[in-house]
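Observations on the three-dimensional arrangement
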Amino acid sequence: MAVNRCYFLPFLMMKSCWLPGSAGPSPNADPQQEYAHSIRLDGDIILGGLFPVHARGERGQPCGELKKEKGIHRLEAMLFAIDLVNKDPELLPNITLGARVLDTCSRDTHALEQSLTFVQALIERDAGDVRCANGQTPVFAKPDKVVGVIGAAASSVSVMVANILRLFKIPQISYASTAPELSDNTRYDFFSRVVPPDSYQAQAMLDIVTAMGWNYVSTLASEGNYGESGVEAFVQISRESGYAGKCDVYGACSGGVCIAQSLKIPREPKAGEFDKTVMRLLETPSARAVITFANEDDIRRLLDAAKRNNLTGHFLWVGSDSWGSKISPVLHQELVAQGAVTVLPKRASVHAFDRYFKSRSLANNRRNVWFAEFWEENFGCKLGTHGKKTGAARKCTGLEKVGRDSAYEQEGKVQFVMDAVYAMAHALDRLQRRLCAGDTGLCPHMANVDGKELLAHIRAVNFNGSAGTPVTFNENGDAPGRYDIFQYQINEHSGAEYKVIGQWTNQLSLNMSALKFHSFGVMAAPPPASSCSVPCGPGERKKVVKGAPCCWHCERCEGYHFLAGQFSCQLCPYEQRPDRNRSGCQAIPVIRLEWHSPWALVPVLIAVLGISATAFVVATFVRHNDTPIVRASGREMSYVLLTGIFLCYVATFPMMALPGVTVCSLRRIFLGLGMCFSYAALLTKTNRIHRIFARGKTAVAAPRFISPASQLMITSSLVSVQLVGVLAWFAAEPPHALVDYDEQRMPDPRDARGVLKCDISDLALICSLGYSILLMVTCTVYAIKTRGVPETFNEAKPIGFTMYTTCIIWLAFIPIFFGTAQSAERMYIQTATLTVSLSLSASVSLGMLYVPKVYVIIFHPEQNVPKRKRSFKAVVTAATMTTKLSQLAAERPNGKVKTELCEGVEAGVLATKNTYVSYANHDI
């Protein structure tokens, strides 16, 4: 006799009872009737599956239109992978995988409700309040126990589901969720994924933006975990690598990408929302690049809004993997999407799946409860009266074939769906081998799979996936980052297509020559700009605009400053100047007076001629050393004076030579020594003449210290003062060469020069020459006092003329030397002026004092004859009479001058007019 029982089937929190006498739920019941919104495959181990079979519904409906690629392709990939595992004798031998696949309808709340199915077997039930109508005890239909879940696609759905599954320790492997938030192993510890997280994708997108030279971009995200987390990761990585909209307290930003504005697309956008979004993006027109982390529906509507607002070609789109290489977002709006650069995890088509999917038909694919709906959408036909297709669509024959009667391209995440199934299978296989050592199939230890133990095996898997790429997980359950970089291009012949332009695996490899930002294959080189400010030129720093760190003004580094960074100028070291581009510093060229320079050739030529003339005079005097003219000149003092003249000429050469310790020492010595010798000797001479004639007016006895020996001693004493001063200078500051960068530090650094010179300052120069100039002035005073001495008596008048001329030379030297202190040619002018002044002083002395004597010695030797000696009194008397006669001649008419001169002067005195009288010839 049949037992009347009441069956209770929990399904999505709904209760159903079978009347007594009816059959209970059969495992072979029609899935359309028992599980109207899910797929159920029997097996020893059941895997859950979450797929966006339908789009998000509108106007309060949970589900919308069917998604052929993201829904059906991915769902079939899971079923195909389970078939392959079940056929594999090496993987889970004698164990059959089953499945329970649910539709998330692309909505996180709906997916959460659906996913409760996965945990029903783990929830204890209280039947105390359940009664059948006939009073029988209810019988609960045992739900499928799900050991792991494949999915979900959207990150927001995965976050919702992961929060439920972790409570029941059910591992989850996603094939498409990339939100960085899911990498948090403390909150989503049972979540893993075979796709890399968006933190890698954000880094790849940042590297793309940087490679394009874009530093001012906007971000756009779909509301939800995927979009918001992706943009947050991009901004965070941008901030870590540069400024990303922030600078330090001084307003300096280190570089990188600046975010102009971050916009969010609402989960339920209102009418006109996308037009409003586009207009807001135009508020920062310089930020042409738009980083998008948005779902494909939002991308399609965003491009449509840009097209409606006539903004084709304005925005430079950079899309995440949700855009990838999908056709649906850019369909019928190719021009506005042209040039978009998108990122997609590296993938490959699984050819076995292509063969499998193309072989699916209504007859052999009844396990997929949504396949009939796909058939209608794919072929544009209607399946009888029960079909969902409305309108006047043709009737489906059932003989249509995928890929023959409709376009077919494998959806991009198929590979990852299969990898997720295989990862779960490999983990279960490892677990079975550990718990059921030596046994095949399920053993008692596998009756209740420990989710935590299974998770450990999932994280440890390492195998080659369906496309031949390794499948591994890190400690957070993330797959390694491997991306292909696409650009949506319109070619003249092949039309619009996504073209691979690079890859990213920890670093970017981009083929810049393959980029095209204009129609008909016109390549942009470089890519269009997306920056708030134009790049600064060489040597220009960025002055950041307050409140807009990605905008700046360019300011040139002036003077001796170089560009130390993008935002700062620094002063070059003292001995350096900025290079041509002001990107660094270079040594300031060091100059010195070269021998071949005109500033050196002229003084050297004068000095050589002067030395030659001096040598000739000395040679003439030596040869005629005992003649009256030489003796009348005072031989000893003449040789001293000629030595000084020679030293004045010689001083030119150390002044022109390469500065060094030896040269600088010689400069100090010769700088004032020649003048000191010359004017010490002339001062001694003029002083002697003055004393002789001053003494002769009052006495007949000769003054003291007028002998040659006395004169040499006086001269030596005067010269020794100069030498003592030079020695003290040596002791106080040893001579050395230095490079003076101040002398020619011009306002324009390009004209700056370092001058290699000796350590002789203007003050030291004045001190060195000061004593000689003092001797010169004193000698000039004595020359003025002895100007009345007759020309027949010694050299008083030639000495006077010499000193007057010398004073004029040195009076001209002072303004020339010190007046050119600020000139760029200062070193050349001052050195040439000093050496020429020394040479001219020597030349004046040589020419006025010794050239007439040499002339007489060589050309009029008859005048160079000895005369009788006269006493000191006779000499002085003759000189006095001559002076008086000269005064008398000045007071008489011209006709009487000669007569009175002849009458007033002895014949012996007049006879000496053309002879040279030496005081050495008289008895003094």
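Please read these numbers as outputs of a predicted model, since none were measured by experiment.

1. As for unusual backbone geometry
Following glycine 151, the chain continues into alanine 152 via a peptide bond in cis, with omega recorded as 5°. Structurally, alanine 152 can be placed in the loop between strand E8 (146–150) and helix H4 (155–165). One non-glycine residue, arginine 582, lies in positive phi territory at about 55°. Residue classification places arginine 582 among the buried positions, given a relative accessible area of 8%.

2. Regarding the environment of aspartate 108
Relative to the helices and strands, aspartate 108 is located in helix H3 (residues 108–115). Using a relative accessible area of 10% as the deciding quantity, one classes aspartate 108 as buried. When the C-alpha atoms of aspartate 108 and glycine 224 are compared, they prove to be 9.3 Å apart, with 116 residues separating the residues in sequence. Each residue touching aspartate 108, except ones within four places of it in the same chain, is listed here: Ser156, Val157, Met160 and Arg267.

3. Observations regarding the sheet that holds strand E9 (residues 172–174)
With mixed pairing, the six strands of this open sheet are ordered in space as E2-E6-E3-E8-E9-E10. Here the strands that pair on one side only, and so sit at the sheet edges, are strand E2 (38–41) and strand E10 (191–193). Ignoring strand direction, the axes of neighbouring strands in this sheet form an average angle of 20°. Each of E2, strand E3 (45–51), strand E6 (97–103) and E8 is contacted by helix H2 (residues 68–87), which is oriented at about 170° to E6, the strand it contacts most.

4. Quick look at the confidence of the model for the protein chain
Per-residue pLDDT for the protein chain has a mean of 82; in total, 82% of the residues score no lower than 70. In the predicted structure, residues 7–35 sits below a pLDDT of 50 and forms 48 contacts with residues beyond four places in sequence or in another chain. Every residue in residues 244–254 scores below 50 in pLDDT, and together they form 26 contacts with partners more than four places removed in sequence or on other chains.

5. Notes on empty space enclosed by the protein
Per the stated rule, a full pass over the model turns up four cavities of 30 Å³ or more. Its volume calculated, the largest cavity comes out at about 380 Å³. Lining the largest cavity are 23 residues, and of these Met655, Arg667, Lys757, Ile760 and Thr831 lie nearest its centre. Those elements giving two or more residues to the lining of the largest cavity turn out to be helix H17 (652–656), helix H18 (661–696), strand E31 (753–758), helix H20 (762–785) and helix H22 (826–849). The dominant element in the lining of the largest cavity, judged by the number of residues it contributes, is H22, at five residues. Taken together, the residues of the lining of the largest cavity break down into 14 nonpolar, three polar and six charged. Computed from the structure, the second largest cavity encloses a volume of approximately 150 Å³.

Parameters and conventions
Residues numbered from 1 in each chain as written. Predicted model: local features only at pLDDT ≥ 70, side-chain atom pairs only at ≥ 80, totals over all residues. Heavy atoms only, no water. Helix = DSSP H or I, 4+ residues; strand = E, 2+ residues; numbered from the N terminus. Buried < 20%, exposed > 50% of the residue type's maximum accessible area, 1.4 Å probe, protein only. Contact = heavy atoms within 4.5 Å. Pairing = 2+ DSSP bridges. Axes fitted to C-alpha atoms, helices over the stretch in contact; angles between N-to-C directions. pLDDT = per-residue confidence, 0-100. 1 Å grid on protein atoms, 1.4 Å probe; cavity = no way out; pocket = protein on both sides within 12 Å on 5 of 7 lines; lining within 4 Å. Points joined across faces, edges and corners; volume = space filled by probe spheres on them. Nonpolar A, V, L, I, M, F, W, Y, C, P; charged D, E, K, R; others polar.

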